[in-house]
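# Structural overview for review
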Amino acid sequence: MRVSDGAGRQLGAFAFLALSLSFGAGCKPSPERALEHGRSAEAKTRTRGIEELLELREAGVPGLIALLREPDAQKEARQALSRLGRPAVPGLIAVARDGSQPDPSRSTCIELLGELKAAEAISTLVGLLSDPNQGEPAHFALVAIGPAVLEPLAALLTDAGASTQARTLAVGVLSAVKGPRALEALLSLLRTDAAPAAVRTEALRALTHFEDPRAGQAVLDGLTDRAKEVRKQAFELFSKNPDPRALDTLLKVLDEDGWRQSAAEALGQLREPRGFERLGELLGRDGGPGRLEIIAGLATSSDPAIVPVVLRTLHTWDLAPDAYEIAVRLGWKPGSPDEQSLVDLAKHDKAALLARWAQVRPLLLADLQSKNGDARINAARWLILLGMDDALPPMLAALKASEDTLLATTYFGCGKPQLVKAASAWMERRKVVIDEGRDLPPIVWNRPPP
């Protein structure tokens, strides 16, 4: 069939247009050209460039990563890499490993590896835990990847050559991912005395995220750990969840210098009668060691049963004020004139004591002759401070009958001539030399309480 010249020209135009559209649809811009578009100052062109890089898949990854350094493009570039998914992983790993790359770009690539759950990046991320700038991003990426990271991290904890930072961050990942393998690795680390104390402390804290009896036992074991940091952390954790199984351990710790306050605080929270009984014995012991620590520890107790324990120290100069505050906080009120006198002594309320001198005098004089050294010295100091001359004869008689060097020393520095003379003669007879730097500071006759 013969086609007219006009029709032929029209068909040729359609054919050319179809060919052009077909060619255009199959033609993608080069990575370089797409990157140029992505760096454009014009938002629509920039977005088109990022989409072009995304269409290039693996070939577009370097360009998208480069755009992470561009303030106007970095957000869209990050989203594009996330959308691309698995094809982006090799390029992201390469940048994460490259220490010459800017830290913000590396951090973003590390975050994306976690977001994409890239198991092939685990060894790289574990290695980055020791990086001072990329350790934290690597930690969160490993958490995002999940259980596949447990075995490599368990191995890291046993590596004596690994940095403290790397091992500490690894502990954090294990506590977040959890699972039996994580629990075993943390318990094993706690049993390794050679591991840094900071790492073992973090492991003990991490175990509180596990609902397992072994985790609770680890806290109890930590109460006697040889590392101070671990032990301190164990007491802090114990205070949040007191465990009666610790009673015997805490009673032993009460005998250790430097740990009495922590043990007393824990026993106060535990509320076990046997614990209160032992605390009372220690506080009531004449001149016993660590009583200030014990009182300080009991200051946090909310159990009224502790009141009789602390009231034993109202006759003791340096313990009475704190003991009184604890007792009042727990609802105690003085129930007799003698108890009111002890309260006034604890409050160092000289005016109230002088106003009630008729009731206070026999109490102090009885304490002055007590076999309890704390009560005896407390009474002597208060009799001096109150400065009432009608107390002088029994004070002199008490010294004459006493073998207490501290009582003589207290008199000797008080400034009252009769007491100073008697104390000097007492010490001369016994050839006592005063070490003024060691004894209590002087309490002066009829002066305000220090």
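Whatever comes next refers back to the structure up there.
Below: a short report on this structure. Here the structure is a predicted model, which is why all the values come from computation and not from measurement. (Residues numbered from 1 in each chain as written. Predicted model: local features only at pLDDT ≥ 70, side-chain atom pairs only at ≥ 80, totals over all residues. Heavy atoms only, no water.)

### Considering the packing of aromatic side chains
Rule in force here: Between rings of Phe, Tyr and Trp, where Trp is taken as its six-membered ring, a pair exists when centres lie within 6.5 Å; planes separated by under 30 degrees are stacked, by over 60 edge-to-face, and by other angles tilted. Helix numbers and strand numbers start at the N terminus; a helix is a DSSP run of H or I with at least 4 residues, a strand a run of E with at least 2. The classification of residues rests on relative accessible area computed with a 1.4 Å probe and restricted to protein chains. Under 20% of the type maximum is buried, over 50% is exposed, and intermediate values are partly exposed.
Applying the stated rule across the entire model yields 2 aromatic pairs. A centroid spacing of 5.8 Å and a plane angle of 15° characterise the contact between Phe235 and Trp259, whose relative ring orientation is stacked. One end of the pair, Phe235, is in helix 15 (residues 228–240); the other, Trp259, is in the loop between helix 16 (247–253) and helix 17 (260–270), and 24 residues separate them in sequence. We classify Phe235 as buried; its relative accessible area is 8%. Of the residues examined, Trp259 reaches a relative accessible area of 13% and is grouped as buried.

### Some details on the nonpolar core
In summary, soluble globular proteins display a tendency toward joint burial of nonpolar side chains. Convention followed: What we call a nonpolar core is a set of buried Ala, Val, Leu, Ile, Met, Phe, Trp, Tyr and Cys residues that are connected through their side-chain atoms within 4.5 Å. Any two residues whose heavy atoms approach within 4.5 Å are treated as being in contact.
By size, the foremost hydrophobic cluster in this structure holds 146 residues, and its most contacted members are Leu125, Leu153, Leu279, Leu368 and Tyr411. When near neighbours in sequence (up to four residues on either side) are disregarded, Leu368 contacts Arg376, Ala379, Ala380, Leu383, Pro394, Met395, Ala398, Leu407 and Tyr411.

### Focus on unusual backbone geometry
Unusually for a residue other than glycine, Lys178 sits at a positive phi of about 65°. Positionally, Lys178 belongs in the loop between helix 11 (164–177) and helix 12 (180–190). The backbone phi angle of Asn446 is positive, close to 55°, even though this residue is not glycine. Assignment of secondary structure puts Asn446 in the segment after helix 28 (417–430). Relative accessible area serves as the criterion here: at 43%, Asn446 is assigned to the partly exposed category.

### Description of the packing of helix 9 (residues 135–145) against helix 11
How we decide: Where helices are involved, their axes are fitted lines through C-alpha atoms of the stretch in contact, as for all axes, and angles between N-to-C directions lie from 0 to 180°. Roughly parallel refers to an angle under 35 degrees, roughly antiparallel to one over 145, roughly perpendicular to one between 65 and 115, and oblique to any angle outside these ranges. Handedness of a helix crossing follows the sense of rotation of the near helix relative to the far helix, less than a right angle counterclockwise being left-handed and clockwise being right-handed. Any residue that is not Ala, Val, Leu, Ile, Met, Phe, Trp, Tyr, Cys, Pro, Asp, Glu, Lys or Arg is counted as polar, Gly included; the first ten are nonpolar and the last four charged.
At a minimum axis separation of 9 Å, helix 9 and helix 11 run at an interaxial angle of 25°. Put simply, helix 9 runs roughly parallel to helix 11. Crossing of helix 9 against helix 11: the hand is right-handed. Contacts between helix 9 and helix 11 involve Gly135, Glu136, His139, Leu142 and Val143 from the first element and Gln165, Leu169, Gly172, Val173, Ala176 and Val177 from the second. A breakdown of the residues in the contact of helix 9 with helix 11 according to their chemical character gives 6 nonpolar, 4 polar and 1 charged.

### A closer look at the side chain of Asp404
Test applied: Pairs of N or O atoms within 3.5 Å make up the polar contacts considered here, provided that, within protein, one atom can donate a hydrogen while the other can accept it, and that residues adjacent in sequence are counted only when both atoms are side-chain atoms.
Its location among the elements puts Asp404 in the loop between helix 26 (392–400) and helix 27 (405–412). In terms of polar contacts, Asp404 uses its side chain to reach the backbone amide nitrogen of Leu406, at 2.9 Å. Residues contacting Asp404, with those up to four places away along its chain left out, are Arg376, Ile377 and Trp426.

### Let's talk about the packing of helix 2 (residues 31–38) against helix 3 (residues 43–55)
Look at helix 2 against helix 3: their axes get within 6 Å of each other, and the N-to-C directions meet at 150°. The crossing of helix 2 and helix 3 is left-handed. Residues Pro31, Ala34, Leu35, His37 and Gly38 of helix 2 lie in contact with helix 3, whose contacting residues are Thr45, Arg46, Arg48, Gly49, Ile50, Glu52 and Leu53. Tallied by class, the residues present in the contact of helix 2 with helix 3 amount to 5 nonpolar, 4 polar and 3 charged.

### A word on helix 2
To keep things clear, this is the line we draw: Directions drawn from the helix axis to the C-beta atoms are what define this arc.
Along helix 2, the residues that are buried comprise Ala34, Leu35, His37 and Gly38. Down the axis of helix 2, the smallest arc covering the buried residues is 155°, so these residues share one side. Those residues of helix 2 hidden inside the fold are in contact with helix 3 and helix 4 (61–67).

### A closer look at the side chain of Asp344
Following the sequence through the fold, Asp344 ends up in helix 22 (residues 337–346). Owing to a relative accessible area of 4%, Asp344 belongs among the buried residues under this scheme. Contact partners of Asp344, with chain neighbours within four places excluded, come to Asp349, Ala352, Leu353 and Arg356.

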